[in-house]
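Analysis of the macromolecular model
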Amino acid sequence: MSLPMQQEEGGEETEATTVSSSKMRSVSVDLNIDPSLQIDIPDALSEKDKVKFTVHTKTTLPVFQSTEFSVIRQHEDFEWLHDTLTETDEYAGLIIPPAPAKPDFDGPREKMHKLGEGEMSMTREEFAKMKQELEAEYLAVFKKTVSSHEVFLQRIASHPVLSQDRNFHVFLEYEQDLSVRRKNTKEMFGGFFKIVVKSADEVLFSGVKEVDDFFEQEKTFLVNYYNRIKEACAKADKMTRSHKNVAEDYIHTSACLNSLAREESTIIKKYLLKISELFEKLRKVENRVSSDEDLKLSELLRYYMLNIEAAKDLLYRRTRALVDYENSNKALDKARLKGKDVRLAETHQQECCQRFEKLSESAKQELNNFRRKRIAAFRKNLVEMTELEIKHAKVHILE
C-alpha cells in the first residue's frame with residue numbers, strides 16, 4: 001500500500017498513516033457534551049504495531065492546570081482507563097462506556113498483499129483501481145478506529161460522575177507517557193477467569209427473585225434487544241459486503257470492456273468505451289453506498305451491541321449486590337439464633353442494604369438515560385445516513 005513511511009530507531013521502516021478528525025465521525029451519539037470539558041482526537045498516527053492518538057482537551061474547569069492542552073496516548077492507555085473505571089466500586093451503579101476495540105488493520109493489509117501477488121494477472125488500469133479501493137478501505141478502518149477512541153473519551157467527559165474521576169484527569173493532562181504496558185499472560189488469564197466466574201454467577205443468579213419490576217423488565221428488554229441488534233448487525237454487514245463485491249466486479253467488467261474497445265477499430269469501439277465508463281460510474285455509486293451504510297448503520301449497531309453489554313454488566317453488579325444483601329439477612333438470622341456476633345452481623349447487613357439501595361437508585365437513572373440516548377442516537381444516525389445517500393446520489397446524477 002502506498003502509505004507514508006516512518007523511520008524508527010535502528011533504520012527500520014514502518015507503515016504509518018495519519019488522519020484528521022475533521023472528517024465525518026462514524027458513530028454520532030447523543031453525548032450532551034459539557035462545554036466546560038471538550039475532548040477530541042484531531043490527529044492520529046498509525047505505525048506498524050501501534051496507533052498514537054493526539055488527545056486534545058479544552059476546559060474551563062479549575063481542576064486542570066491549563067485551559068487547553070494535548071497529549072499522546074496509545075490504545076493500551078485507553079484500556080487502562082476503562083479498567084480503572086470498571087474496577088472502582090464507587091462506580092458500580094453506573095454504565096461504564098465500552099472500551100474501544102483494539103486497532104486491527106490486518107484485513108486490508110492482507111488484501112493488499114494478495115493484490116500485489118496477483119498484479120501480473122490483471123491490466124494496469126484494473127490493478128490501479130483495485131489498489132485505490134483497498135487504500136480507501138484501509139483509511140476507512142483507520143478513521144473508524146480513531147472515532148471509537150474519541151467517542152469513548154467524550155462519553156466519559158459528558159457523564160456527571162465519571163468526568164470527575166482522578167484517573168481520567170491524569171489520562172487527559174499528564175504530558176509524559178503513562179507507561180501502561182500490555183497485559184502479560186498471567187493478567188490475560190486473570191481477565192479470562194473473571195469472565196468465567198461472571199458467566200457462572202449469571203447462571204446461579206438466574207434463580208434469584210427480582211424485588212423490583214423495573215429491573216426485571218429491563219433485563220428482559222436488554223437480552224431480547226441485544227439479540228435483535230446482533231442479528232441486524234450481521235445482516236447489515238452482509239449488505240455492505242455485497243455492495244463492495246459488486247463494486248469490485250464492476251472494476252473487472254469496466255477494465256475488460258476498455259481492453260476490448262482498444263482492439264476494435266470500428267464504430268463499436270465508441271459504444272464499448274461508453275459502457276466501460278458507465279460501469280466505472282456504477283462502481284463509484286456502489287462503493288459510496290457501501291461506505292455510507294457501513295459508517296452510519298453497521299458501526300452504530302456494533303457500538304450499541306457493546307453498549308448493551310455495558311448495561312447488562314450494570315444489572316449483573318446490582319444482582320450481585322442483591323444476593324449479598326439476601327445472604328447478609330440470612331447471616332443475621334443465624335447470628336441472632338446462636339446469640340453470637342449479632343452486632344457484627346447487623347452492621348454487615350446494614351452496609352449491604354445501603355449499598356444495594358444506592359446501587360439500585362443509580363442504576364435506574366442510568367438505564368433511563370441509556371434508553372433516551374439510544375433513541376436519539378438511532379434517529380440521528382439514520383437521518384444522517386439518508387441525507388448522505390441522497391447527497392451522493394445527486395452528485396452521481398450530475399456526473
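This text follows the structure it describes.
Attention here is on the structure that accompanies the text. (Residues numbered from 1 in each chain as written. Predicted model: local features only at pLDDT ≥ 70, side-chain atom pairs only at ≥ 80, totals over all residues. Heavy atoms only, no water.)

**Considerations on the overall build of the protein**
- Across its full length, the protein holds 8 helices and 6 strands.
- Its helices and strands in sequence order give the protein the pattern β-β-β-β-β-β-α-α-α-α-α-α-α-α, from N to C terminus.
- Evaluated residue by residue, the protein yields a buried proportion of 41% over its 399 residues.
- Taking as baseline every contact in the protein between residues at least 6 positions apart, the subset at least 24 positions apart corresponds to 74%. (Helix = DSSP H or I, 4+ residues; strand = E, 2+ residues; numbered from the N terminus. Buried < 20%, exposed > 50% of the residue type's maximum accessible area, 1.4 Å probe, protein only. Contact = heavy atoms within 4.5 Å.)

**Description of a positive patch on the surface**
- On the surface, a cluster of positive charge is contributed by Lys270, Lys274, Lys281 and Lys284.
- Summarising the element assignment, Lys270 is placed in helix H7 (residues 268–338).
- The partly exposed category is assigned to Lys270, whose relative accessible area is 47%. (Patch = residues over 30% accessible without salt bridge, like charges linked within 9 Å, V, L, I, M, F, W, Y side chains within 5 Å. Areas by Shrake-Rupley, 256 points an atom, 1.4 Å probe, with all protein chains shown as cover. Salt bridge = Lys/Arg side-chain N within 4 Å of Asp/Glu carboxyl O. Lys, Arg positive; Asp, Glu negative; His and termini not counted. Charge placed at Lys NZ, Arg CZ, Asp CG, Glu CD.)

**Section: the pattern of salt bridges**
- Under the definition given, this model contains 14 salt bridges.
- Across the pair Glu299 and Lys144 runs a salt bridge whose closest N-O atoms are separated by 3.8 Å. Of this pair, Glu299 sits in helix H7 while Lys144 sits in helix H3 (residues 124–158), and the two are 155 residues apart along the sequence. Assigned by exposure class, Glu299 and Lys144 land together as buried.
- Lys364 serves as the salt-bridge partner of Asp212, at 3.2 Å between the closest nitrogen and oxygen. Placement of Asp212 in the loop between helix H5 (185–205) and helix H6 (213–263) and of Lys364 in helix H8 (residues 342–398) is noted, with a sequence separation of 152 residues between them.
- Its relative accessible area of 32% is what places Lys364 among the partly exposed residues.
- Connected through shared salt-bridge partners, Lys144, Asp237, Asp294, Glu299 and Arg302 make up one network.

**What about the packing of helix H2 (residues 106–117) against H3?**
- At their nearest, the axes of H2 and H3 sit 9 Å apart, and the two run at 170° to each other. One finds that H2 runs roughly antiparallel with respect to H3. Across the interface between the two elements, Pro108, Arg109, Lys111, Met112, Leu115 and Gly116 of H2 pack against Phe127, Met130, Lys131, Leu134, Glu135, Glu137, Tyr138 and Val141 of H3.
- Residues belonging to the contact of H2 with H3 are distributed by class as follows: 8 nonpolar, 1 polar and 5 charged. (Axes fitted to C-alpha atoms, helices over the stretch in contact; angles between N-to-C directions. Parallel < 35°, antiparallel > 145°, perpendicular 65-115°, else oblique. Nonpolar A, V, L, I, M, F, W, Y, C, P; charged D, E, K, R; others polar.)

**Notes on the environment of Glu76**
- Topologically, Glu76 is positioned in helix H1 (residues 75–87).
- For Glu76 and Leu178, which are 102 residues apart along the polypeptide, the C-alpha to C-alpha distance reads 9.5 Å.

**Description of the packing of aromatic side chains**
- By the definition in use, this model includes 11 aromatic pairs.
- Taken together, the ring pairs connect Phe53, Phe78, Phe152 and Phe171 into an aromatic cluster.
- Positioned over the ring face of Phe221 is Arg371, at 4.4 Å from the centre of the ring.
- The ring of Tyr225 carries the charged tip of Arg374 above its face, separated from the ring centre by 4.7 Å. (Phe/Tyr/Trp six-rings, centres within 6.5 Å; stacked < 30°, edge-to-face > 60°. Lys NZ or Arg CZ within 6 Å of the ring centre and 35° of its normal.)

**A few points about the environment of Arg374**
- Here Arg374 is to be found in helix H8.
- On the basis of relative accessible area, Arg374 is assigned to the buried category, the value being 9%.
- Setting aside anything within four residues of it in sequence, one finds Arg374 in contact with Phe221, Tyr225 and Tyr304.

Interpretation note: all reported values are geometric properties and have no functional meaning in isolation.
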